[in-house]
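An overview of the molecular structure
Listed below are the residues making up each chain.
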Amino acid sequence: MEPKKLLEVRDLRVTFRTYAGRVQAVRGVSWYLGERETIAIVGESGCGKTVSIQTVAGLNSSKTTDIQGQVLFDGQDLVQLPMKEIRKLQGEKMSMIFQDPFTFLNPTMTVGKQIMESYREHRKASRKEAEARTIEILKLISLPDPEKNMRRYPHQLSGGMRQRVMVAMALICDPQILFADEPTTALDVTIQAQIVDLMKELKTKIDTSIVLITHDMGVVANMAQRIYVMYAGQIVEEGDSRDIFYSPKHPYTKALLESVPQVDSDAGTPLASIPGTPPDLIAPPQGCAFAERCPYAMEICRRAQPALTEFGGEHAAACWLHHEEFAKRRGGAPL
């Protein structure tokens, strides 16, 4: 059964005005997040996943950015809300764990002070109340010796501890939605596993919903109920985790999965990769954006964009190979 929609994005389009031209970073993206659900938005670097999430969270509203579409949350369209109202939601109703904690943490402030800042702003709490809440949340995320470590500066903590501080900052006001942008990228595999386990545990404890942005399919497999695959600013496939991992329908999704290293591979087996480069989004291609890199590309792929083909449930992919006429030519054979 489809979960109740907590957040819904409809036909979101984000364009940056630059000296080189108009960069169409997000091109008609639609997705939703259910209550107490984890979804993942996956794709290569530059596919538009981070831009789309930052826009949803109200972090891309500048004079050089054009935003179209709807972002529906709690009965409001966030695209139409003034920035003053967006600021009230940020940190309290929705929070973000950024990709590189060392970049986003202020090196001149103790981590405890940085964590308390959001709580004092949104809850109008005293310093003593904020400090007690900070210690509570640091214990919740299993940061060792929280009373001592909250008085340290970011450079005095390890990479895993800094990432836990970022999680604490995001969760201190018990947000309904948590955006996690590549939360394990800069960490070694042991710490990655700890952060993934921590987020799964906290999701249950604080009753939040998570939007995970990543290119790491291993992290996705451990966390997400549903997956949206993005390429060149568009969603090319969507479905639940089982659909995406065991029955991918888009050649790009299949290529992403094949590029994941396999522990049972023979020694010396070369790593799979996707040849070519993503298209220039100042002048996006007329047809399917993946056509120039796709081993199955046909003439029509370069001339027209394919519509989403549905495969049952919520599984759908935008690929001409599944159009009725071309599927008959293949005799129904899988990709």
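Fair warning: this is a prediction, and the values are worked out from it, not measured in the lab.

Turning to the overall build of the protein, a few remarks are in order. When helices and strands are tallied, the protein shows 13 helices and twelve strands. Relative to the globule expectation of 20 Å for 335 residues, the C-alpha radius of gyration of the protein, 21 Å, shows essentially globular dimensions. Dimensions of the protein along its principal axes, counting C-alpha atoms only, are 70 × 50 × 45 Å. For the protein, buried positions account for 48% of its 335 residues. A separation threshold of at least 6 residues defines the contact pool for the protein, and within that pool the share at least 24 residues apart is 64%.

Backbone geometry places K124, a non-glycine residue, at a positive phi of 50°. You can see K124 is positioned in the loop between helix 4 (111-123) and helix 5 (127-140). Here D174, not a glycine, exhibits a phi torsion of approximately 55°, which is positive. Take D174: it is sitting in the loop between helix 7 (159-171) and strand 7 (177-181). Judged by relative accessible area, which is 38%, D174 ranks as partly exposed.

Time to look at the pairing of strand 8 (residues 209-214). Strand 8 sits mainly inside the fold: six of its six residues count as buried. When strand 3 (residues 38-42) meets strand 8, the two strands line up parallel, connected through five bridges. Following the sheet pairing, T38 is matched in strand 8 by I210. In this sheet, strand 8 lies alongside strand 7 in parallel orientation, the contact comprising five bridges. Residue I177 lies in a different strand from strand 8, and its bridge partner there is S209.

Before going further, it helps to examine the sheet that holds strand 2 (residues 22-34). The pairing of strands in a sheet happens through backbone hydrogen bonds and is either parallel or antiparallel. With antiparallel pairing, four strands are arranged side by side in an open sheet as 2-1-4-5. Since the sheet does not close on itself, it has two edges, and those belong to strand 2 and strand 5 (76-77), each with one partner. Where strand 1 (residues 5-17) lies against strand 4 (residues 65-73), eight bridges are found, and the strand directions are antiparallel. Within the sheet, the bridge partner assigned to V14 lies in strand 4 and is I67. Where helix 1 (residues 49-56) meets the sheet, it contacts strand 1, strand 2 and strand 4, and its direction lies at approximately 115° from that of strand 1.

Two numbers describe a pair of aromatic rings. These are the distance of the centres and the angle of the planes. One pass over the structure, following the stated rule, counts four aromatic pairs. Ring plane angle 15° and centroid distance 4.1 Å describe the contact between F98 and F104, whose orientation is recorded as stacked. Here F98 falls in the buried class, since its relative accessible area comes to 19%. Since its relative accessible area comes to 44%, F104 is described here as partly exposed. Within the aromatic cluster, the residues linked to one another by ring pairs are Y231, Y252 and F290. Sitting over the ring of Y246, R242 keeps its end group 4.9 Å from the ring centre. Against the face of F311 rests K249, its NZ or CZ located 5.3 Å from the ring centre.

Once that is clear, we can look at the sheet that holds strand 9 (residues 226-231). Spatially, 6-7-8-3-9-10-12-11 is the arrangement adopted by the eight strands of the open sheet, whose pairing is mixed. Both edges of this open sheet fall to strand 6 (94-97) and strand 11 (308-310), since each of them pairs with a single strand only. Between one strand axis and the next, the sheet turns by 20° as a mean value, whatever way the strands run. Bridge count between strand 3 and strand 9: four bridges; the pairing is parallel. Opposite A40, over in strand 9, you have I227 as the bridge partner. Sheet strands touched by helix 7: strand 6 and strand 7. Its angle to strand 6, the strand with the most contacts, is close to 170°.

So, on to the pattern of salt bridges. Tallied over the full model, the rule gives 16 salt bridges. R17 is paired through a salt bridge with D66; the nearest N and O atoms lie 2.4 Å apart. One end of the pair, R17, is in strand 1; the other, D66, is in strand 4, with 49 residues separating them in the sequence. Taking the relative accessible area as the measure of exposure, D66 reaches 25% and is therefore partly exposed. Between K88 and E85 there is a salt bridge, and its shortest N-O distance comes to 3.4 Å. On the criterion of helical spacing, the pair formed by K88 and E85 is a turn pair, its members being three residues apart in helix 2 (residues 83-89). Through salt bridges with shared partners, a single ionic network connects K5, E8 and R10.

Next up on the list: the confidence of the model for the protein. Mean pLDDT over the protein: 89, with 95% of residues reaching 70 or higher. Across the protein, the secondary-structure element scoring lowest on mean pLDDT is helix 13 (residues 324-330), at 66, and the one scoring highest is strand 10 (residues 234-240), at 97.

The rules behind these values
Residues numbered from 1 in each chain as written. Predicted model: local features only at pLDDT ≥ 70, side-chain atom pairs only at ≥ 80, totals over all residues. Heavy atoms only, no water. Helix = DSSP H or I, 4+ residues; strand = E, 2+ residues; numbered from the N terminus. Rg over C-alpha atoms; globule rule 2.2 N^0.38 Å. Buried < 20%, exposed > 50% of the residue type's maximum accessible area, 1.4 Å probe, protein only. Contact = heavy atoms within 4.5 Å. Pairing = 2+ DSSP bridges. Axes fitted to C-alpha atoms, helices over the stretch in contact; angles between N-to-C directions. Phe/Tyr/Trp six-rings, centres within 6.5 Å; stacked < 30°, edge-to-face > 60°. Lys NZ or Arg CZ within 6 Å of the ring centre and 35° of its normal. Salt bridge = Lys/Arg side-chain N within 4 Å of Asp/Glu carboxyl O. pLDDT = per-residue confidence, 0-100.

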